[in-house]
Amino acid sequence: MTDSNATRQKVFQELVTATKILLNEGILDTFGHISARDPEDPQSFFLAQKLAPSLITTGDILRFNLDGETSDNRPSYLERYIHSEIYKARPDVQCVLHSHSPAVLPYCFTDTPLRPVTHMGAFMGEAVPVYEIRDKQGDETDLFGGGHDVCADIAESLATRQWSSWHAMAW
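An account of the accompanying structure is given in this report. Worth saying up front: this structure is predicted, and the values here are computed from it rather than measured. (Residues numbered from 1 in each chain as written. Predicted model: local features only at pLDDT ≥ 70, side-chain atom pairs only at ≥ 80, totals over all residues. Heavy atoms only, no water.)

Structural notes on the packing of aromatic side chains
Going through the model one piece at a time under the given rule, you end up with three aromatic pairs. On the numbers, 5.3 Å between centres and 20° between planes, the contact of Phe45 with Phe64 is stacked. Of this pair, Phe45 sits in strand S2 (residues 44–48) while Phe64 sits in strand S3 (residues 61–65), placing them 19 residues apart in sequence. Residue classification places Phe45 among the buried residues on the basis of a relative accessible area of 0%. (Phe/Tyr/Trp six-rings, centres within 6.5 Å; stacked < 30°, edge-to-face > 60°. Helix = DSSP H or I, 4+ residues; strand = E, 2+ residues; numbered from the N terminus. Buried < 20%, exposed > 50% of the residue type's maximum accessible area, 1.4 Å probe, protein only.)

Structural data, given as structure tokens:
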């Protein structure tokens, strides 16, 4: 996205830097991405085009509305709807991270809740809310959050929490 606005350029640089740090720390993998709400227009957010996280630059950032749509013709992630629905449901949220972190994935396949065990995990509260895609989408689901209905359900599972575990796919 070409935008000379200094505030937006700072957000673009922060998204690139965050992506590189999260990738380096093993939190993001090839399929993960991070977005940020537009500080000048809360009805929009920024997310990189569909590209391997290690290759993302500030020139790869796209602007989306809260329906997950953009006027930019470059390829975009189908999971952008996870971001758009969370921003739509939670005006207080300024950043969304979708990842398949190996440290969290085991909790997506068991009935054991993810709970904090040290003071560093206190931000999670007593338990992390879980979105089980099969509860609303049935057993024939493709386990993918590529549409508004599934992603709106995910956003609803967050309620007032800061994060959620998604059974079958974690983010």
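Description of the nonpolar core
Ranked by size, the top nonpolar core spans 31 residues in total, and within it Leu15, Phe45, Phe46, Ile61, Ile86 and Tyr87 carry the most contacts. Elements that contribute at least two residues to this core include exactly helix H1 (6–24), strand S1 (33–37), S2, S3, helix H2 (80–89) and helix H4 (148–158). (Core = buried A, V, L, I, M, F, W, Y, C linked by side-chain atoms within 4.5 Å.)

With respect to the pattern of salt bridges
One pass over the structure, following the stated rule, counts nine salt bridges. Notably, a salt bridge pairs Asp67 with Lys88, separated by 3.1 Å at the nearest N-O pair. Of the two residues, Asp67 is situated in the loop between S3 and H2 and Lys88 in helix H2; the sequence distance between them amounts to 21 residues. A relative accessible area of 41% means that Asp67 is categorised as partly exposed. Overlapping salt bridges, with partners in common, bring together Arg8, Asp38, Glu40, Asp41 and Arg63 in one network. (Salt bridge = Lys/Arg side-chain N within 4 Å of Asp/Glu carboxyl O.)

Such coordinate-based values are descriptive only and should not be taken to indicate function.
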